[in-house]
6 protein chains.
Amino acid sequence: MDSNVNLLVVSAHAADFVWRSGGAIAKYIKHGANVTLIILSYGVRGESNDLWNIEGQTVENVKKIRREEIGQAAGHLGITQMEIWDYEDYHMKLTDERMEQMVCKIRETAPHHILTHGFKDAFNPDHEAVGKFVFDASVLSTSNGVRYDGYPTTKQARLFGFEPHQSEISDFKPDVIMDITETYEQKEAAMNCFKAQKHLIEYYGAKAKLRGNHARRVSGNNQYQYAEAFSRCFPYVGGEFN
Amino acid sequence: MDSNVNLLVVSAHAADFVWRSGGAIAKYIKHGANVTLIILSYGVRGESNDLWNIEGQTVENVKKIRREEIGQAAGHLGITQMEIWDYEDYHMKLTDERMEQMVCKIRETAPHHILTHGFKDAFNPDHEAVGKFVFDASVLSTSNGVRYDGYPTTKQARLFGFEPHQSEISDFKPDVIMDITETYEQKEAAMNCFKAQKHLIEYYGAKAKLRGNHARRVSGNNQYQYAEAFSRCFPYVGGEFN
Amino acid sequence: MDSNVNLLVVSAHAADFVWRSGGAIAKYIKHGANVTLIILSYGVRGESNDLWNIEGQTVENVKKIRREEIGQAAGHLGITQMEIWDYEDYHMKLTDERMEQMVCKIRETAPHHILTHGFKDAFNPDHEAVGKFVFDASVLSTSNGVRYDGYPTTKQARLFGFEPHQSEISDFKPDVIMDITETYEQKEAAMNCFKAQKHLIEYYGAKAKLRGNHARRVSGNNQYQYAEAFSRCFPYVGGEFN
Amino acid sequence: MDSNVNLLVVSAHAADFVWRSGGAIAKYIKHGANVTLIILSYGVRGESNDLWNIEGQTVENVKKIRREEIGQAAGHLGITQMEIWDYEDYHMKLTDERMEQMVCKIRETAPHHILTHGFKDAFNPDHEAVGKFVFDASVLSTSNGVRYDGYPTTKQARLFGFEPHQSEISDFKPDVIMDITETYEQKEAAMNCFKAQKHLIEYYGAKAKLRGNHARRVSGNNQYQYAEAFSRCFPYVGGEFN
Amino acid sequence: MDSNVNLLVVSAHAADFVWRSGGAIAKYIKHGANVTLIILSYGVRGESNDLWNIEGQTVENVKKIRREEIGQAAGHLGITQMEIWDYEDYHMKLTDERMEQMVCKIRETAPHHILTHGFKDAFNPDHEAVGKFVFDASVLSTSNGVRYDGYPTTKQARLFGFEPHQSEISDFKPDVIMDITETYEQKEAAMNCFKAQKHLIEYYGAKAKLRGNHARRVSGNNQYQYAEAFSRCFPYVGGEFN
Amino acid sequence: MDSNVNLLVVSAHAADFVWRSGGAIAKYIKHGANVTLIILSYGVRGESNDLWNIEGQTVENVKKIRREEIGQAAGHLGITQMEIWDYEDYHMKLTDERMEQMVCKIRETAPHHILTHGFKDAFNPDHEAVGKFVFDASVLSTSNGVRYDGYPTTKQARLFGFEPHQSEISDFKPDVIMDITETYEQKEAAMNCFKAQKHLIEYYGAKAKLRGNHARRVSGNNQYQYAEAFSRCFPYVGGEFN
């Protein structure tokens, strides 16, 4: 892997980046890539069900707990560049100001690849909105006429969509099956930071094995044990079949 | 590009491999890959319209002309391993014996990639039949229980589908846009060997430019001038976003 | 569950019925339904890879081993009515005579539901052929003019499609998520009869848990632990939303 | 039918609930279910064409007429719990406040099933907006962190989509064909309350017969005479094929 | 309408041409077009259910009855050029010889338009096979190298697909809604010739009204009372939006 | 062509109407149709990349340059009725006031056909928004209850969607291939007015030839040299196959 790669990950809620791309993130960091993580919200309203079962729970306290979990998980994956933008979730409002913020972040980080939510995600309206938001920002970031001082245009980034929780009813197609065998342990450690979501830890562990099976079947390569799946937004462009 | 790559190209009729993948073939050969071309038919019935306008034309003479054209075109692309299986076209019959022949050829050549027709091609029933035929052969070639003496099983090859003549009504999606800038001249020379099909030479020349434009727009890389598009049959499996 | 239900299961190869519907079969039998299993082939050529790794292996011996495995697995599920039609697989030929055989079997068993392969299954041409074959047979079985002595017409059966191994690239949509919590142990015991396919035992065990997670998420019912998914061929027709 | 079923119907305009689900509503009420009807608008701007042909027509008068028609129609169907929220239509604005209103209504009524517009409806932008609005509300209503005093969370309701006026160009698939033979007379009486829309009364009468034909053909059950079709938003989850 | 139009109709079974295109046929004949009807089978096995309920029924007698019905119906529509090819139905075998027969018929009649079955028709495998068969024949008929003495090539005909019985689950899209108001009475008279199929007469009568409603809604033209829907196989090519 | 035809063209940015429909516009004008062009924005931010490369560029200056280019291009096509609404682009905001403006314009011009952007256009969020906006306006313009003084309702216009830049990944299907041979020179002259976009001039020139090839292949009519492709929003409704 070319260590000059810039990778930008945009996660709608606190833990999405771990379940859906923790292995890929750790792998890119391990190989020297420059990885930036943007977390748009703490997922206070939509993705902290269990925390709200605690008597006397408050918004501030949920944020505090999630901030700690995020920090630990990011540590396991080796993430050093991370921002939490603290948008309200469920429904997430993606205003013009926020679009400008995202365009500037893309221009600043000049990503070769962006990992974020795809355009369809049954049961999760925020994910769908974020997928469209990041896509539009990536297009605007390339346009000379969309001018923000100090943020010159970038090349069009390649967008890769996270696997949604229920893939088939979200019309998800696995265009990329990324081998994460070498960093799966890190992903597992990161997942275990979200203690209140035991059922998801088990779920995404099983997923990684299933995708590993698919990787072996498609490629005939038996070294693949764990994998993550992504959709792609554009065709592959380049010089080799792969 | 890794020069140990084995590439198998299966062309339903005489000239399909040139229009649809001539640039990619020449590029792989140039970089040292091991390329085998199988042409299933001379396209006597379905793809030699102009030759049949000549008074007194015969099947044997059409084959002779097409054989010469193929030879010249293959020469321009640098192809040295080529077989013409001389099936009748329009409709092409893909019998059990022919399936065995194809399975054995796949096992013999052990291709990493196969380029052939996709599953849908409006206006061309042969192309659709060949797409399914090669796909099935590639699956059978991996199975231990499908036994032909002297032909041990291979790993599952990656299949890439040619762009059909009218892409949208054939439900074609360009999953791969292959840069062929460095070998476009060879492709042009190869296309010019099919003198009776002037309108196609012009057509596929224009196509290569349009796909070059798409390549630039998607990647932001302005070096891409000419390209060919392919669909893929399976997800990409591997270790890098690209 | 109404104990007067007739259920027909048609499995292309030896073990398909276990991986894809073992829990549902066991459940229907447990509740008194009348279940018939038709296995079209031993899967000698296409689905016995590991057995062929044994030195000196023969077709007859593979069949013998698979027959024993099938018998044990069927026992764990409680199946008492089973036929193995011993068609050759990879490719399976579905002739007119075999169509008549299937039409007569459908008329004889008068199934309310048929479980079999869906119309699309990436990597498995036999499964696709069988899906279409059983569907056509179910239509012919209702027609008064398709006459076989001793086999009067039946009502149109409801067809449910097995989940293929790689669901998304087979365009599989889970129309039915069947809770199999009460019979999952039986399914596990049945899966374990196919010792040579350890990776599949693990795979379908993980699948059952993931589908259980989906069942809980969609329904809000936390009792669902294990599930199997099926597509449906026709709309639900009846008197209640469910 | 279990008489403890809670059914919530959300109708974008005055008469949608009658054309698209009048038979199902009457049937559920007849069998003891607890049915609540929410009508979001009087359809003054977009669905009262004929009333506006009357000289000197006013918004208030159109509302008055439609209110009377709704009342009569609801009476024929046996509806006792009904609210008209009087949103402006064409375009309907579905603000955050309205989302809160809908979430609270779903939590209050705790529906097992929700009948409302599907996600696509050619010629009717309001229907599409309402379909998405109710879906999102149903998801938010299950989340512990979306907190409104006095409205505790509910389980995820099953959503069923109305058949749009022109089904095929709206990508509508009839996942459920509901037999309404026993309540068709009530539906007919309800339809006749909308005197100004004669062409629709005839249209939806013919539709009910066509869907009855489909019901017979799919099931082989000749008792079905009239039916209504619905799409489903999620897979069926449960314990029986049906 | 240009009276030099050649229209070819290919009907899989005895009555398909009436239910699905009777109005369009009568209209074209009325305006002077040159219409040829090919009926591939009597529908003895698959589409004569009611006749087989008669004690002592025979294949020959069913054919005789259907031949009379066809003759009467064709008379009502004004058809003078008709052939019945008497293929066996359910399953219909479409051999190479039959392909040649169809290619020659297309070349002989040189149709501008062909009306026949579309590529997908749930519940009717014969219709699907015929749709593909006629399409392929239309392509072969244009090819100079597919040579049959006395049958010179034709231009590519435009293909229009009949509406299948259950449109949505057959993925049917109404690309063309043909006004048949002026010939609907003839269609009704033709439908009434198939006395044993009362339910279909009622069904296709209701369909014609529904499609008339769609025609009015899409066009704003209130003269349209009855219509038939067709899919198209290719784009419209020409000089005007319409 | 009937010279009483009203054609409305709605272009999101300065030059869209030329690239995507210049030939069709010129043809309609040549044959006496009444053509109105609405340009929603100058494309200052999203579609004037090259102009912003000039040192000291300003928004006002970009508008001035584009206004001149538009004027010249419109002149070549023969357009006499044109309005530039000067919305800001990238992102274009389509407010209620703008919807009213569009509804009134549709009612004023009473178009038989509207040419505008389709619903999906990869890489161009503005195009997608405008497609939906014009569609909704066309529906609202027919409704009696949507009342604006001086703007009586119109019949539903037929909507035709422009071909997007990258057709396949925008899910574009060419429903209409419009022959523009007789006005291609005018289109070429109009394209040449946008000097800063040389690559697009070449691109859309090549496109016109490719679509001409498709037109010949589909129709068998060799007179077609240049064409433009459009999708259609509704079925064709009328009295003839074409």
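Residues numbered from 1 in each chain as written. Chains lettered and ligands numbered in written order. Predicted model: local features only at pLDDT ≥ 70, side-chain atom pairs only at ≥ 80, totals over all residues. Heavy atoms only, no water.

An unreviewed UniProt entry annotates chain A as PIG-L family deacetylase originating from Paenibacillus foliorum.

A. Geometry of the sheet that holds strand β6 (residues 176-179) of chain C. Taken in spatial order, the eight strands of this open sheet run β3(C)-β2(C)-β1(C)-β4(C)-β5(C)-β7(C)-β6(C)-β8(D), and their pairing is mixed. Each having just a single partner strand, β3 (81-84) of chain C together with β8 (236-238) of chain D make up the two edges of the open sheet. The mean inter-strand angle of the sheet, taken between neighbouring strand axes irrespective of direction, is 20 degrees. Of the strand pairs in this sheet, strand β2 (residues 34-39) of chain C and β3(C) are connected by four bridges, and their pairing is parallel. (Pairing = 2+ DSSP bridges. Helix = DSSP H or I, 4+ residues; strand = E, 2+ residues; numbered from the N terminus. Axes fitted to C-alpha atoms, helices over the stretch in contact; angles between N-to-C directions.)

B. Inspection of the interface of chain C and chain A at higher detail. Contacts between chain C and chain A engage 23 residues on the former and 23 residues on the latter. The interface formed by chain C and chain A holds six salt bridges in total. Among the salt bridges present, the one from A:E202 reaches C:K209, with a minimum N-O distance of 3.9 Å. Connecting chain C to chain A are 12 residue pairs in polar contact (both at pLDDT 80 or more). (Contact = heavy atoms within 4.5 Å. Salt bridge = Lys/Arg side-chain N within 4 Å of Asp/Glu carboxyl O. Polar contact = N/O pair within 3.5 Å; in protein donor to acceptor, adjacent residues only side chain to side chain.)

C. View of helix α1 (residues 16-30) of chain F. Residue and element names in this part refer to chain F. Its 15 residues place the ends of α1 20 Å apart at the C-alpha level, agreeing with the 21 Å of an ideal helix rising 1.5 Å per residue. Along its length, α1 reaches its greatest deviation from straightness, about 75 degrees, at G22. Burial of α1 is extensive: 13 of the 15 residues sit out of reach of the surface. Positive phi shows up at G32, right after α1, with a value of about 95 degrees. (Expected span 1.5 Å × (residues − 1). Bend = angle between axes of the 7 residues up to and from the residue. Buried < 20%, exposed > 50% of the residue type's maximum accessible area, 1.4 Å probe, protein only.)

D. Inspection of the interface of chain A and chain B at higher detail. Listed per partner, the contact involves 36 residues of chain A and 36 residues of chain B. Interface area, chain A with chain B, both sides summed: about 3,200 Å², of which 61% is carbon and sulfur. If you sort the residues of chain A by the area they bury against chain B, A:V237, A:F241 and A:N242 come out on top, with a joint share of 27%. Applying the counting criterion to the chain A and chain B interface returns 13 residue pairs in polar contact (both at pLDDT 80 or more). Of all elements in the fold, only α1 (16-30), β4 (113-116), β5 (158-162), β6 (176-179), α6 (198-219), β7 (227-232) and β8 (236-238) of chain A reach the threshold of two or more residues within the side of chain A that touches chain B. In terms of residue class, the side of chain A that touches chain B is made up of 19 nonpolar, eight polar and nine charged. As judged from the three bridges shared by β8(A) and strand β6 (residues 176-179) of chain B, these two strands associate in the parallel manner. Counted as the bridge partner of A:V237 is B:I177 from β6(B). (Buried area = accessible area lost by both parts, 1.4 Å probe. Nonpolar A, V, L, I, M, F, W, Y, C, P; charged D, E, K, R; others polar.)

E. Fine view of the pattern of salt bridges. Inspection of the entire model under this criterion finds 108 salt bridges over all chains. The shortest N-O distance in the salt bridge between B:R66 and B:E69 comes to 3.3 Å. One end of the pair, B:R66, and the other, B:E69, are both in helix α2 (residues 59-77), three residues apart, so they sit about a helical turn from each other. For the pair formed by B:R66 and B:E69, the shared burial category is buried. Three or more residues are tied together by salt bridges with common partners; here these are A:E163, A:K207, A:R211 and C:E168.

F. Molecular detail of the relation of the copies chain C and chain A. Mapping chain C onto chain A leaves a residual RMSD of 0.0 Å; the transformation is a rotation of 180 degrees accompanied by 0.0 Å of translation along its axis. Such values leave the two copies arranged in the relation of a two-fold axis. Taken together, the interface assignments show that 100% of the residues at the interface of chain C recur at the interface of chain A, consistent with an identical surface on both copies. (Least-squares fit on C-alpha atoms with pLDDT ≥ 70 in both.)

G. Here's a closer look at unusual backbone geometry. In this chain, A:Y90 is followed by A:H91 through a cis amide linkage whose omega measures -5 degrees. The residue A:H91 is located in the loop between β3 (81-84) and α3 (96-109) in this model. Even without being a glycine, A:F123 presents a positive backbone phi close to 80 degrees. You can call A:F123 buried: its relative accessible area is 6%. Although it is not a glycine, D:D86 adopts a positive phi angle of roughly 55 degrees. Relative to the elements of secondary structure, D:D86 occurs in the loop between β3 (81-84) and α3 (96-109). We classify D:D86 as partly exposed; its relative accessible area is 37%.

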